[in-house]
Amino acid sequence: METFLELSIRTRRMSATATPMADFLTKSPYTPPPWASHLRPLPSHTFSLAHRPTPIHRWNLPNLPNGTELWIKRDDFTGMELSGNKVRKLEFLMADAVEQQADTVITIGGIQSNHCRATTVASNYLNLHTHLILRTSKVSSFLHTSHQNLSFDLTLFLGLQLLADGDPGLVGNLLVERLVGANVHLISKEEYSSIGSEALTSALKEKLEKQGKKPYVIPVGGSNSLGTWGYIEAAREIEEQLKCRTDGLKFDDIVAKGKGYAMNTSEELKFLKDLASATSVILDPVYSGKAAYGLINEMTKDPKNWEGKKILFIHTGGLLGLYDKVDQMASLMGNWSRMDVQESVPRKEGVGKMF
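Please read all numbers here as calculations on a predicted model, not as lab measurements.

**Q** I'd like a rundown of the overall build of the protein chain, residues and numbers included.
**A** Within the protein chain, the regular secondary structure consists of 11 helices and nine strands. Burial analysis of the protein chain (355 residues in total) assigns 43% to the buried set. Residue pairs in contact within the protein chain that sit at least 24 positions apart in sequence constitute 77% of those at least 6 positions apart. Accessible surface, the protein chain as shown: approximately 19,600 Å² in total, 54% of it carbon and sulfur.

Here you go:
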């Protein structure tokens, strides 16, 4: 029986050789695992976009229950510029876009959407233009004027014209998206809620079609029946790494929504900081960070229930989303000081000059 240590060593060796550079960005016919072959729609092809298999290693969190082993699967190493599990979905979605001879990809998400960033990078690799509809946390000034009582139809008509105020900046995922040439369309939270993601992407698709484009729409998070095959492949990968059937694994769902999507308490952010300091594993504040926070809380409440268990935690990526939390986390980062250089330290003229 292979130990988890042997598994970790074998996985690292696999990840170093399993996806040769010659296979990267190639389209190939797709064969599903036998236990998923009855599902529909069945993808015909997939694009090699992720660096797989992602490694599994021991995660030495402090204060675990007695005999508990915690392991972590690093889907934050999949590629597409510090991405995560979103790339797994895109391997199928981008293959479908190319199959339909699209020249443009449209998708939608929050201002720091990891999915939107990964989609932009993948599209650019495949010579497809990208249009992102990004929901900001700002309220459009238009809705705070005498036009507040506009009918919904007129609001929908104005749709993409009601942009949030100001340049969105170059922070986190936005920096990558704009560097690689994404066309960013800003929408306020209120407009997003009243119009909806499907109507917004449809409106932009119609507009681009009138310009002679052939757009392909990917929904929020790439979450549709085709994108789900990315998770099926992740299950097959775990199956091969652990040398066991995935239907023999036990998956526990821990509710870790917190205050809501992309919203964090000070306790959650402090947990992320402490975890990074203790283990060098940096979690995102939207998904994996909350999941780990919930997991540790469950262990703390009932340690006996977790004693002796081997747990595999899947890190889904999202590092760049932390840039949206810098103001909230600033007070946690006290490990800096001005270097005090005494006059007794010898000086040598000309050494170390910058100009």
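After that view, the rundown keeps rolling.
**Q** Can you break down the environment of Asn-60 residue by residue, with the values?
**A** Position of Asn-60 relative to the elements: it lies in the loop between β3 (56-58) and β4 (69-74). Given a relative accessible area of 56%, Asn-60 falls into the exposed group. Note: C-alpha distance between Asn-60 and Ala-278 (218 residues apart in sequence) is 8.5 Å.

**Q** Break down the sheet that holds strand β5 (residues 104-110) for me, with residues and values.
**A** The four strands lie next to each other as β7-β6-β5-β8, forming an open sheet whose pairing is parallel. A strand with exactly one partner marks an edge of an open sheet, and here the two such strands are β7 (183-187) and β8 (215-217). Within the sheet, the average angular offset between the axes of one strand and its neighbour, ignoring direction, is 25 degrees. Relative to β7, strand β6 (residues 129-135) is paired through five bridges, and the arrangement is parallel. Each bridged residue has a counterpart across the sheet, and for Leu-132 the counterpart in β7 is Val-184. Its contacts with the sheet put helix α3 (residues 114-125) on β5 and β6, and the angle it makes with β5 is roughly 165 degrees.

**Q** Describe a nonpolar patch on the surface, naming the residues involved and giving the relevant values.
**A** On the surface, Leu-82, Ile-282 and Leu-319 cluster together into a nonpolar patch covering about 240 Å² of accessible area. Its place among the elements puts Ile-282 in the loop between α9 (266-279) and α10 (288-301).

**Q** Give me helix α8 (residues 229-242): which residues, what numbers.
**A** With 14 residues, α8 should reach 20 Å at 1.5 Å per residue; the first-to-last C-alpha distance of 20 Å fits that figure. Here α8 lies mainly inside the structure; 10 of its 14 residues are buried. Among the residues making up α8, those that are buried are Trp-229, Gly-230, Ile-232, Glu-233, Ala-234, Arg-236, Glu-237, Ile-238, Glu-239 and Gln-241. After α8 finishes, the residue Lys-243 shows a positive phi value of roughly 55 degrees.

**Q** So what's going on with the confidence of the model for the protein chain? Residues and values would help.
**A** Residues of the protein chain with pLDDT of at least 70 account for 79%, and the chain-wide mean is 83. Here residues 245-253 is a poorly scored stretch, pLDDT under 50, and it has nine contacts once near neighbours within four places are set aside; other chains count.

**Q** For the packing of aromatic side chains, give the residues involved together with the corresponding values.
**A** Counting across every chain of the model gives five aromatic pairs. Seen from their ring centres, Trp-59 and Phe-313 are 5.4 Å apart, and the 50 degrees between their planes marks the pair as tilted. With a gap of 254 residues between them, Trp-59 in the loop between β3 and β4 and Phe-313 in strand β9 (residues 310-315) connect regions that are remote in the sequence. Looking at Trp-59, the relative accessible area reads 2%, which means it is buried. Its relative accessible area of 7% is what places Phe-313 among the buried residues. Of note, Arg-135 hangs over the ring of Tyr-192, and the distance from its end group to the ring centre comes to 4.7 Å. Taking the ring centre of Trp-306 as reference, the NZ or CZ of Lys-309 above it sits at 5.3 Å.

**Q** Talk me through the nonpolar core; I want residue IDs and the actual numbers.
**A** Soluble globular proteins tend to pack their nonpolar side chains together in the buried interior. In this structure, Leu-49, Met-80, Leu-90, Met-94, Tyr-216, Ile-218 and Trp-229 are the most contacted members of the largest nonpolar core, which totals 28 residues. Within the residue set of this core, elements represented by two or more residues are α2 (86-99), α3 and α8. When residues of this core are assigned to their parent elements, the largest contribution, seven residues, is made by α2. Excluding its chain neighbours within four sequence positions, the residues that come into contact with Trp-229 are Tyr-30, Pro-32, Ala-36, Leu-39, Pro-41, Leu-42, Pro-43 and Phe-92.

**Q** So, the packing of α2 against α8: which residues are in play, and what are the values?
**A** Packing of α2 against α8 brings their axes to within 7 Å, and their N-to-C directions diverge by 120 degrees. Taken together, the axes of α2 and α8 lie oblique to each other. Crossing of α2 against α8: the hand is right-handed. Only Trp-229, Gly-230, Tyr-231, Glu-233, Ala-234 and Glu-237 of α8 make contact with α2, whose side of the interface consists of Arg-88, Lys-89 and Phe-92.

**Q** Any details on the packing of α2 against α3? Residues and values, ideally.
**A** Between α2 and α3, the least distance of the axes is 10 Å, while the angle of their chain directions is 45 degrees. Classified by the interaxial angle, the pair formed by α2 and α3 is oblique. Our pair here, α2 against α3, has a crossing hand that is right-handed. Contacts between α2 and α3 pair Lys-86, Val-87, Leu-90 and Met-94 from the former with Asn-114, His-115, Ala-118, Thr-119, Ala-122 and Ser-123 from the latter.

**Q** Describe in detail the pairing of β5, supporting the description with residues and values.
**A** Across the seven residues that make up β5, a large majority, seven, are buried. Across seven bridges, the pairing between β5 and β6 is parallel. Paired with Thr-107 across the strands is Leu-132, a residue of β6. Crossover handedness for the path β5 to α3 to β6: right-handed. As defined by bridge partners, β5 adjoins β8 across three bridges and the pair is classed as parallel.

So, how was this worked out
- Residues numbered from 1 in each chain as written.
- Predicted model: local features only at pLDDT ≥ 70, side-chain atom pairs only at ≥ 80, totals over all residues.
- Heavy atoms only, no water.
- Helix = DSSP H or I, 4+ residues; strand = E, 2+ residues; numbered from the N terminus.
- Buried < 20%, exposed > 50% of the residue type's maximum accessible area, 1.4 Å probe, protein only.
- Contact = heavy atoms within 4.5 Å.
- Areas by Shrake-Rupley, 256 points an atom, 1.4 Å probe, with all protein chains shown as cover.
- Pairing = 2+ DSSP bridges.
- Axes fitted to C-alpha atoms, helices over the stretch in contact; angles between N-to-C directions.
- Patch = residues over 30% accessible without salt bridge, like charges linked within 9 Å, V, L, I, M, F, W, Y side chains within 5 Å.
- Salt bridge = Lys/Arg side-chain N within 4 Å of Asp/Glu carboxyl O.
- Expected span 1.5 Å × (residues − 1).
- pLDDT = per-residue confidence, 0-100.
- Phe/Tyr/Trp six-rings, centres within 6.5 Å; stacked < 30°, edge-to-face > 60°.
- Lys NZ or Arg CZ within 6 Å of the ring centre and 35° of its normal.
- Core = buried A, V, L, I, M, F, W, Y, C linked by side-chain atoms within 4.5 Å.
- Parallel < 35°, antiparallel > 145°, perpendicular 65-115°, else oblique.
- Left-handed = near helix turned anticlockwise from the far one by under 90°.
- Right-handed = clockwise from strand over helix to strand, strands pointing away.

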